[in-house]
Every structure is written in C-alpha cells, then in structure tokens.
Amino acid sequence: MTQAIATGAAPSGARAAQQKRAGARDRLVRRLPLLPALIFAIVVTQIPFLVTLYLSTFGWNALRPGERRFVGLDNYAAVLTDARLRAALLNTVVLTASAVLVSLVLGLGLALLLDRRFPGRGVVRTLLITPFLVMPIAAALLWKHAIYNPTYGLINGLLGGHTDWVSNYPMVAVVATLVWQWTPFMMLILLAGLQSQSEEVLEAARVDGAAPRQVFTRMTLPHLRQYLELGALLGSIYLVQTFDAVFTITQGGPGTATTNLPYEIYLTTFRKFEYGEAAAAGVVVVIGTIIVATFALRVISSLFRMEEGR
Amino acid sequence: MRKLAWTVTAWAVGIIFVFPVLWMVVTGFKQEQDAASNPPTWLFDPTLDQYRQVFGRHITPYLLNSLMASGFSTLLVLVLATPAAYALSMRPVDKWRDALFFFISTKMLPAVAALLPLYLVIKQLGMLDNVWSMVILYTSMNLPLAVWMMRSFLLEVPREIVEAASVDGAGLGLTIRKVIAPIVSPGIAATALICFIFAWNEFFFAVNLTATRSGTAPIFLVGFISSEGLFLARLCAAATLVSLPVLLAGWLAQNKLVRGLSMGAVK
C-alpha cells in the first residue's frame, strides 16, 4: 500500500523536492531572527554549567596552586556530608518558604484592599509598589541600620527597649526585610487576578443570595488559585537566590543561623578558595533547582494552555 | 461610611508600607547627630551636607558604571529579544514552545552555580573589573524575561492588519516599521524599563566580579555594611540617590510592571 502511493507520487517527485527545498529555506528564514538570542543564551548560561561540572571533579584550592588533581566524586561526598552545607540547605528552604508564604498572604490582603474603588487608589498603589523598587542592598542596609539597630533604630526608638533585633532574631530580621520588598510583587500579580474576574458572575452570585464570605471562598479564591501559584513560583525563583539581604544584614550569622546556599557557596569560593567543592555544591544546587523547576514549568505550562484557550 | 473606613485603612496601610522609604529619604537630609538619636528626631533643619559628602566620596563613577552596564545591557537585550520574540509569535518556528521554555529555564538556574566558571573565564580573558563583562551577564540575566514579555506584546498585534499590509504590497521591513512598531512600542518601552530595573539593582555578580574601576552603584553601598551609626544620614543619602533611577523607572512602568514581572503571563 505504502509502496503504491510512493510509486504513484513518483512523477511529481522533482517538484516535491523543490518544494521541500523551499520549505527548508523558509524554515531557515523563520529561524534566523531567533538564532542570535538562542546562541547567546546557550553560550553564556549553558557553558558555565558544563565547566562547573568539569571543575567539580577536581581537588583544587586556589590558595595552593599547582595542586589540582582529579578526585572523581570526592567533592560530592564532601559536600553532601558537610554539616555547614546541610544547614545552608535547611536555611534556604526556611528562608524562601517563609518569605514567599508571608508575602503572598500580605499581598493577598493588599490586593483585596486595592480591588475596590476609593479616592486616591492610584496613589496608594504607587505607595505600595515603592518598597519593591528600592535597590535590594539599599533596603537591606536601611533595615539593618535605620530600623533594627539597638541604639538608634526606629523600632527601639518608637517602642523603647534595647533589643538587638538582628542578633536575637536573625532569620526573622532577614525574612521581614524580604517580605517588605516582595509583598508588593505578590500584590500586583494577585490584583491582576482579582481584576480579571468577571463582574457579572460575581453580581449574579450576590443576587442569588451568596454571602460575601461565600463569594470569596467559593469563587474568588478558586479563580485566584493559578495567580497564587504563579506568585509563589516566581517568588521562589527569585528568593531562593537571596544574597544581598544575607550578605548585608547578618553575613550568614550568628554561626550559620542565616547562611543560605548562595551565601555558603560564595564563602567556599571567595573566602576559602575551595574551587572544587564550590563547583560540586553548585552542581548539587542545580540538580535541586531542576527538580523544583520541573514542577514550576508545569504550572507555567498550564497557564500557557489557558492563554491559548482564550 | 463603609467606604470612608475602607479609604482610611487603605491609605494607612499604604503609608505604613512606604514609611521606611520616606524615613530613608528624610534621614538623608539630616545631620548625623539627628539621624542617630533615640527617640527619633522628627523636626530638624534640612541640610544637603550628606549629599555633598556622598559626591565628595566619588559616587559619580559608580553611578556612571551602573548607567553603562544597565543601559547597554538593556539595549543589547532588546536587539536580541525582539527578533526572537517575533520568531516565537508572529511567524513561529517549528519548535517555538521548546525554545520558549529553554529561555525560561535559564532564568531558573541559580546564578551562584555559574559564579565560579564565569569568574575563571572572565579572569582568563582579562575582563575582571570591566563594565563590559557586566553588560554581557546582565544581558543573559534579562534575556528570558524580555523574550517572554515581548512575545506577549507581539501576540496582541492583530494578524489581519499585518496580512492586509502585505496584501497591499508592503514588504516585511515596511510592515514592521509602519504597522507593527507603532503597536508594540509601548511594550518595548515597558520591557526596557524592567530590564533596566533588574540590571541596575543587580548585586551578586557586581560584588564578585567588579572592584574599584567598574564598581556599580550597589558596590558603593558595600562600604556601609559594617559602618556604625555615625554615618546613618550619609548612608540614607547614598541609598536614596542610587534607588532614585529605579523608583522613577518603576513608577513610569507601573501599569506594565506586573506583566514584566510575570514574564508576560499576567496582563
């Protein structure tokens, strides 16, 4: 059967080939605008990871030049059994999860507040997004010195007392600063979600006698679900890489109380100069990220289908 | 009555959130002894001394480095991302979906894992402490965001208009210049502002790969990390100064901000 069709098509074979060539040319022309960006992204982001992978198999401390030797998987063994790194992993999870959750909840509150009309709504929105725009290291310094400082900081200045907030509650101090910066981000995404609700459907529910609370839990929250997911996902992508706030407010301390993975790898690379171990830790982080990102991409992908369905 | 309560609550919350920023700006105009007082000083004679000090300590080169790194990387991002977004939306290539997800996956990989090889390569090339290294890194950092965002803007161009233009005999170049560009230019502007914001605020690569010659604005602030209360007012003046361009860019782009931050997923 297949043979028959193939033979039947034979006379127009030359033309098909021509068409195929034209098709190939067309595909190339279509692809051309994409190539510079694609090649740039591959060179700048993928090659360093291959180099990291390669370096992770060497015992290499930059303070002892010439002593670079192949050690196989020893660095991984060192990294995975290192108590500091395990602490850093735990801190990363605690820091990211708490900052994302708290800013998501606060952001939801703010978005609900802004979803109604009131005089000066635009101004209030501008005020609310401002913390997100302050340079992160400037924000971290501001909180460390102007707000948390035990002698002249704003908190003790207003409430009295001499609590050293950063030393006593280091993780809370870092997370609070991040929450202040990221709540506006969550608010913007959730506000867009709230405003994409169909007003007529809500009105119909109200007419049918649904209480405001019911409208919120049965209609608004399910509608917001994908926006909440998107906010949590994007927030995690950014916050898992937190460096500025830790570097500035606590330097990872006291001890390793606030050392997260980015800060720990930074220390291994540029304070201890253990290049091999730093590379192995980097690979471990990448693998962890790939696992998280697979879930993340699924969320984005579902949003994507929704967009196409519209 | 309910509306009044709502208005008052919303304004109160807005002011609470912005208060640390206000405090920063205000403190920048204080003398040091007023800045480090307990209880806090609310009334004082405003002074420009701190700004004079900050400029006296040569913040200008840092600001110029930041302007160069952010400006050129934003330009390069747009040059790379706009055609790519076109090839992923208006005349899509075969595997456009894979390409899109490749771009976003590069955004998810943590910068810290690339730091060491980037440091070694840049050192090998003799490009440490060089603004152009920052331009390249910031371009790769913002490229996925810009591709996704530009794509979402290009998808909004009605296909009929583009087809009508080609039926009327307009070539691709003319169509892009006269039909597509006017529709998407607000989108390009918003994308540019958001890329600029992220590049301007970037700290991790800057602190590890630059030093005195090409240090960017955030690096100027590093000196304040361990300094004690004597310099609080000066710190606030410097922090206000370096945050100002992004505050302006963000306020300008605020209607498109959410779209940029969500990579075009939320309109």
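So, how was this worked out
- Residues numbered from 1 in each chain as written.
- Chains lettered and ligands numbered in written order.
- Predicted model: local features only at pLDDT ≥ 70, side-chain atom pairs only at ≥ 80, totals over all residues.
- UniProt positions renumbered as here; feature names shortened; annotations may be inferred.
- Axes fitted to C-alpha atoms, helices over the stretch in contact; angles between N-to-C directions.
- Helix = DSSP H or I, 4+ residues; strand = E, 2+ residues; numbered from the N terminus.
- Parallel < 35°, antiparallel > 145°, perpendicular 65-115°, else oblique.
- Contact = placed C-beta atoms within 7 Å.
- Nonpolar A, V, L, I, M, F, W, Y, C, P; charged D, E, K, R; others polar.
- Domains from an automatic or database assignment.
- Core = buried A, V, L, I, M, F, W, Y, C linked by C-beta atoms within 7 Å.
- Buried ≥ 20, exposed ≤ 12 C-beta atoms within 10 Å, placed from the backbone.

- Identification of chain B as Sugar ABC transporter permease from Planosporangium flavigriseum is taken from an unreviewed UniProt entry.
- Looking at the Subcellular location (unreviewed entry) heading of the UniProt record, one finds this comment for chain B: "Cell membrane".
- Quoted verbatim from the Sequence similarities (unreviewed entry) field of UniProt, the annotation for chain B is "Belongs to the binding-protein-dependent transport system permease family."

- By the naming in an unreviewed UniProt entry, chain A is Sugar ABC transporter permease, taken from Planosporangium flavigriseum.
- Recorded in UniProt under Subcellular location (unreviewed entry), the annotation for chain A is "Cell membrane".
- According to the UniProt record, the Sequence similarities (unreviewed entry) comment for chain A is "Belongs to the binding-protein-dependent transport system permease family."

1. A closer look at the packing of helix H7 (residues 136–147) of chain A against helix H1 (residues 2–27) of chain B
Item 1. For the pair H7(A) and H1(B), interaxial distance at closest approach is 11 Å and the crossing angle is 75 degrees. Classified by the angle their axes make, H7(A) and H1(B) are roughly perpendicular. Contacts between H7(A) and H1(B) involve Leu142(A), Ala146(A) and Ile147(A) from the former and Pro20(B), Trp23(B), Met24(B) and Thr27(B) from the latter.
Item 2. Here the residues of the contact of H7(A) with H1(B) sort into six nonpolar, one polar and no charged.

2. What to know about the environment of Thr216(B)
Residues and elements named next belong to chain B.
Item 1. With respect to the element layout, Thr216 can be found in the loop between helix H10 (204–209) and helix H11 (217–222).
Item 2. Measuring from C-alpha to C-alpha, the distance between Thr216 and Thr175 comes to 40 Å, with 41 residues separating the pair along the chain.
Item 3. In this view, Thr216 contacts Tyr62, Asn65, Ser66, Ala69, Met134, Ala206 and Thr210; residues no more than four positions away in its chain are not counted.

3. Some details on the domain arrangement of chain A
Residues and elements named next belong to chain A.
Item 1. Once the domains are mapped, chain A shows domain 1 (2–69) and domain 2 (74–309).
Item 2. Its C-alpha centre places domain 1 at a distance of 36 Å from the equivalent point of domain 2.
Item 3. Among the secondary structure elements, those contributing two or more residues to the side of domain 1 that touches domain 2 are helix H3 (35–55) and strand E1 (58–59).
Item 4. The element best represented in the side of domain 1 that touches domain 2 is H3, accounting for four residues.
Item 5. Tallied by class, the residues present in the side of domain 1 that touches domain 2 amount to seven nonpolar, four polar and no charged.

4. A closer look at the nonpolar core
Item 1. Core analysis: the biggest nonpolar cluster contains 165 residues, and Ala138(A), Ala81(B), Ala146(B), Val147(B) and Ala239(B) have the highest contact counts within it.
Item 2. Broken down by element, this core gets its largest block of residues, 16 residues, from helix H7 (residues 131–154) of chain B.
Item 3. Domain assignment of the residues forming this core places at least three in each of domain 1 (2–69) and domain 2 (74–309) of chain A.
Item 4. Those residues within four positions of Val147(B) in sequence are excluded, and the remaining contacts are Ala37(A), Ala81(B), Ala84(B), Ala85(B), Leu88(B) and Phe103(B).

5. As for the UniProt feature "transmembrane region" (unreviewed entry) in chain B
All names here are of chain B.
Item 1. As recorded in UniProt, the sites labelled "transmembrane region" (unreviewed entry) are residues 7–26, 67–88, 100–119, 131–150, 179–200 and 231–253.
Item 2. Overall, residues 100–119 shows 90% helix and 0% strand. The separation of its end C-alpha atoms is 28 Å.
Item 3. Between the end C-alpha atoms of residues 231–253 the distance is 33 Å, and the span holds 91% helix and 0% strand.

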